[in-house]
Amino acid sequence: MDLEARSLQPNVKAVLLAKLREYKSDLNNLKSEHKRLASANSNQAARDDLLESGMADAMSVSANQRGRLMMSTERLNESSDRIKESRRTMLETQELGVSILQDLHQQRQSLLHANDTLHGVDDNISKSKKILTNMSRRMSRNKWIISSIIVVLVVAIALILYFKLSK
């Protein structure tokens, strides 16, 4: 058509060539639209094929994942059991520690009371020692005083007897 339109007269030729270009443009647009629609249909078919084959793969993958999930769940349960056992042991140990600390506190109180009593006894012994020392000094002093009085009395009696007998 292009060749026939070029061979015509120039005034008709310009009009026909413009219409021809318009038709070619429309044809190209329609071809591209057709390709797009055809590729969409082929993409849909390819997608369906993939999904069907994917479903079979998904089933095997799903079974594999389910097995791994069950193993993971089992390990998680075992770990939880071990944690519970460890927590129970820790609580028992804590209770034992608290009991021991209470016993030690009672023993400390007993020792502090015994220490206070010992200091009280020590103070009393010190006071008693001072009292006994003072009593001993007084006793020694009293002995000297009594001895001195006896000596003075004996001398006085001896002098009295001497003066009475000598007269």
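Just so you know, these numbers come straight off a predicted model, no measurement behind them.

Cut-offs and rules
Residues numbered from 1 in each chain as written. Predicted model: local features only at pLDDT ≥ 70, side-chain atom pairs only at ≥ 80, totals over all residues. Heavy atoms only, no water. Helix = DSSP H or I, 4+ residues; strand = E, 2+ residues; numbered from the N terminus. Buried < 20%, exposed > 50% of the residue type's maximum accessible area, 1.4 Å probe, protein only. Salt bridge = Lys/Arg side-chain N within 4 Å of Asp/Glu carboxyl O. Phe/Tyr/Trp six-rings, centres within 6.5 Å; stacked < 30°, edge-to-face > 60°. Patch = residues over 30% accessible without salt bridge, like charges linked within 9 Å, V, L, I, M, F, W, Y side chains within 5 Å. Areas by Shrake-Rupley, 256 points an atom, 1.4 Å probe, with all protein chains shown as cover.

S.K.: Give a description of the overall build of the protein that names residues and reports values.
M.R.: If you tally the helices and strands in the protein, you get two helices and zero strands. Burial status across the protein gives 2% buried among its 167 residues.

S.K.: Describe the pattern of salt bridges, and please don't skip the residues or the numbers.
M.R.: Scanning all chains against the criterion turns up two salt bridges. Measuring nitrogen to oxygen at the nearest pair gives 2.4 Å for the salt bridge that ties Glu 92 to Arg 88. One end of the pair is Glu 92 and the other is Arg 88, both in helix α2 (residues 10-165) and four residues apart, which spans about a single turn. Taking the relative accessible area as the measure of exposure, Glu 92 reaches 43% and is therefore partly exposed. For Arg 88, a relative accessible area of 40% gives the class partly exposed.

S.K.: For the packing of aromatic side chains, give the residues involved together with the corresponding values.
M.R.: To describe a pair of aromatic rings, you give the distance between the ring centres and the angle between the ring planes. Taken as a whole, this structure holds one aromatic pair when the rule is applied. Residues Tyr 162 and Phe 163 carry aromatic rings whose centres are separated by 5.7 Å and whose planes lie at 65° to one another, so their mutual orientation is edge-to-face.

S.K.: I'd like a description of a nonpolar patch on the surface, backed by residues and values.
M.R.: Judged by side-chain polarity, Ile 145, Ile 149, Leu 153, Ile 157, Leu 161 and Leu 165 come together as a nonpolar surface patch covering roughly 600 Å² of accessible area. In this fold, Ile 149 is placed in helix α2. The class for Ile 149 is partly exposed, based on a relative accessible area of 45%.

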